[in-house]
Every structure is written in structure tokens, then in C-alpha cells.
Amino acid sequence: MTHDEVALVAYVSGELNPDDADRVERHLVDCDECWAAIQGDARGRAAAESLRELAPPALRDRIRFAMEGEKGSAPRRAGRWFSRAAAALVVVLTAGAVIAGVSQVVGHRQPSDPPSVAAIIRLAGVGADLGTAPASPVAVHGQLLWVSRLNDGGIPVLVARSDRPFPPPAGATPMVTWASPWIASRGQLSLVCVNRPHPVLLAARMPADRLAAIAAQLAS
Amino acid sequence: MTDHAAFLDTTLPHLDVVWNVARRLAPDPASAEDLVQETYLRAYRSYGTKGSGEMRSWLVAICLNTARSEFRRRQRRPQTEPDASLFMTTLAGDDDVAGEALATVEREALGQALAELPQPQRTAIVLVDLAGLTAAEAAVVVGAPRSTILARIHRGRRHLALLLEQQGIRHDS
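None of the values given here were measured: they were computed from a predicted structure. (Residues numbered from 1 in each chain as written. Chains lettered and ligands numbered in written order. Predicted model: local features only at pLDDT ≥ 70, side-chain atom pairs only at ≥ 80, totals over all residues. Heavy atoms only, no water.)

All names here are of chain A. Counting buried positions along strand S5 (residues 189–194) yields six of six residues, so the element is predominantly enclosed. Side chains of S5 alternate between two faces, with Leu189, Leu191 and Cys193 and Ser190, Val192 and Val194 buried alike. Direction of pairing for strand S4 (residues 182–186) relative to S5: antiparallel, over a ladder of five bridges. What sits directly across from Trp182, in S5, is Cys193. What sits between the antiparallel neighbours S5 and strand S6 (residues 200–204) is a turn of five residues. (Buried < 20%, exposed > 50% of the residue type's maximum accessible area, 1.4 Å probe, protein only. Helix = DSSP H or I, 4+ residues; strand = E, 2+ residues; numbered from the N terminus. Pairing = 2+ DSSP bridges.)

Below, the discussion takes up the sheet that holds strand S1 (residues 138–140) of chain A. Residue and element names in this part refer to chain A. Read across the sheet, six strands follow the order S1-S2-S3-S6-S5-S4 without closing on themselves; strand pairing throughout is antiparallel. One side of each edge strand has no neighbouring strand; the edge strands of this open sheet are S1 and S4. Averaged over all pairs of adjacent strands, the angle between their axes in this sheet comes to 30°, without regard to strand direction. Relative to S6, S5 runs antiparallel, the two being bridged by five bridges. Each residue of the ladder has a partner; that of Leu191, found in S6, is Ala203. Here helix H7 (residues 208–219) sits on the sheet in contact with strand S2 (143–152), strand S3 (155–162), S4, S5 and S6, set at roughly 30° to S5. (Axes fitted to C-alpha atoms, helices over the stretch in contact; angles between N-to-C directions. Contact = heavy atoms within 4.5 Å.)

Let us now look at the interface of chain B and chain A. Taken together, the contacts link 48 residues of chain B with 40 residues of chain A. Interface area for chain B against chain A, summed over the two sides, is near 4,200 Å², with a carbon-plus-sulfur share of 59%. Interface area lost by chain B to chain A is led by B:Gln37, B:His154 and B:Arg157, which between them contribute 15%. Applying the counting criterion to the chain B and chain A interface returns seven salt bridges. We note a salt bridge from A:Arg62 to B:Asp34, for which the minimum N-O separation is 2.6 Å. Remark: the boundary between chain B and chain A carries 15 residue pairs in polar contact (both at pLDDT 80 or more). Of all the secondary-structure elements, those providing two or more residues to the side of chain B that touches chain A are helix H1 (4–11), helix H2 (15–25), helix H3 (29–45), helix H6 (98–116), helix H7 (119–130) and helix H9 (146–166) of chain B. By residue number, the principal contributor to the side of chain B that touches chain A is H9(B), which donates 13 residues. Classifying every residue of the side of chain B that touches chain A gives 22 nonpolar, eleven polar and 15 charged. (Buried area = accessible area lost by both parts, 1.4 Å probe. Salt bridge = Lys/Arg side-chain N within 4 Å of Asp/Glu carboxyl O. Polar contact = N/O pair within 3.5 Å; in protein donor to acceptor, adjacent residues only side chain to side chain. Nonpolar A, V, L, I, M, F, W, Y, C, P; charged D, E, K, R; others polar.)

Distances and angles like these do not, on their own, reveal function.
Written as C-alpha cells, this is what we have:
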């Protein structure tokens, strides 16, 4: 066997079959040049492998969160067509209901939540393992969000800070007693948004007044 | 229709692999996080049309292509100097334990030495030694013969060992 760097590195990487590996080893016994090459290869490999690292813990949740934002806007032909068809159907049903005087047929339909609010609702529902410190910001439809979680008596509270106010979702109730522009609920999930000194949206499975008290503490 | 939960279940186990690739393709950790996020978003958009190939290699290929796109995009616009504080944060943020500081400095030197390799060699090493792909998988990702990948890995490793020895850093296997 002559000097064959492909065979050498395949040998070092354990990718040779036993016969070829045996042939390389016999060559290495007599060839100082290839032996030195293999030693250099092994040192370089060890150095490169020492750079392996685990992804930052918050990155997993950042990805999950970004996906939640993407979920509502990902281009999907079938989904978009379905949305249009559903929207058309709603228009027809609504018109029909008004005409027939049975508007309660569509009375429970819930308009879509603003993307940033929808993302927070989904993330709170997933119960993602977020750190207590705000992670790197995530952009949801151009709105930057820093998401963390705190614990209130064993109940996780999702805290999302933003660079701009959170638009109120359908059914939100404006609060006039202090710096909270709106409060809303989705099932068992309460949502409280405070806009001063910075926009913050809290989401948790607890009574809205309890969550509002936490929001007030954060805002003070 | 794309299954959001299934996508995350299938792809998140490979996050460390994608991170290691991104970490060596991006200029700093913050940019690496952005690159990983963009990789996952692009993967999600094309998840429905993905073939039966191996998931890890598929994600790595998307990460590689995303980094290339970003590199070309940046080349087309005026460059700004990288923020030196990003690198200082890594050093100054650690505890002031001498061993840790030395390890950090050594890792910085290692990363720098890897960055100095010719791009084909660096890519081959990142895919095989950092991402854990086989030479055959790396060959598919890069679109080169397996023998070419093996040769690049070998030359890159020896080059890397040489660069490190010149800096007094020696890694024995």
C-alpha cells in the first residue's frame, strides 16, 4: 500500500472494513510519514471535538416560541384555502342568520387573536420550561418579545415583555383603575396586559384578579 | 398539512447538532442563536415536502444553506465592525477562576484556529467532528464525493493541529 490519505482518514474515523483497516495498519508499521499524518489527524480531531457544546438551555424554548409565532403565518396552501372557504362560509352563515333571525348560530365564533397574543396563549398552554430570566428576544410578526416565567404559589406565570404594546384581543376588557390597558381570558387561562413602564403581558391559569395583582407588582 | 407538534418532536432532539454547526458558522453566539432559529423556521416551512432522508442531515443542510444566504446578503450591504463587547462578555462574564479563564481562552483559540482553516476543510470538520455526521452523510450535505470529504477532513485536522501547536496548545486523543 502507498500513502493514501483517504484510506488513512477513513481508518481514523472507523469507516474501513476489517480487511482495509488491516491493510492500513500493516502499512503504518513501516511508514513514518503516514504514522505522523495519523497522529496529526487524531490531534486535530480531538481538538475539534473538544469544541462540541450543548445548545443554550433557553434556545429550545426560543425555537418553540418562534414556531408558535410562525404557526399562524406559515404559508400553507391547504390551510389558506380552508381559511378563505371558512371565511366565506361564515359570511354566508352570518347573512343567513341575520335574515332568519337566528344570529345565535354564529354568536360564539371567536375572531383570531393578534399574533403576539396568540403566541403567548399557545406557549402558556404548552407549559414550556422557560427560565426565570428573559431569554433572547423573539420576533413575532415584527414584534420583539422577551419571555420568561415566574412562579406564584406553584402556578407558573408566563411573562412576556415587548418593545411595543400588545394589541387587545377580542373580548378584552379595558381596565381603568391603574396602568393596565386590558384583561382577557381564554378558557382557564387569564391574560393581563400592562403598558407602563414597558409593555408586559402575563398569562397564567389563575383568577384574573390574582394575575392583575402580580402585574401591578411588576409594573410598580 | 404540517403537524406543528410532530415537527418539534422530530427536530428538537437534534438541536445540539444544529447549534454546534451554527456556532462555527456564525460570528458570535447571538448570531448563532439567530441562525438556529431561522434554520428551524425554514425547516418548518418545508417540512411537508421533506423526503425520507435522515432528519439530522436535513437540518444541518438547511443550517448550512441559511448561513450561506446570510453571508451573501451581508456581503451585498455595507459592513459594520463586529461588536467587540460580545467577545469580552464571554471572558469577563465567567467566574474569575484561573482554570476556567484558561479553558475559555483555549476554547477561543481553538475556535479561532478552526475559523482560519480554508472554508471547505472547515465545513467538513464542522459536519463530521462537531455535528457527528458520517463522511457519507457530510458528502450528501455538501454535494461532494465521500473521498473528497475524507481528504478535506484529514487535511483540515492536520492543519488545525499544526495551528494549535504553534500557539502552544496540544490536544492528544
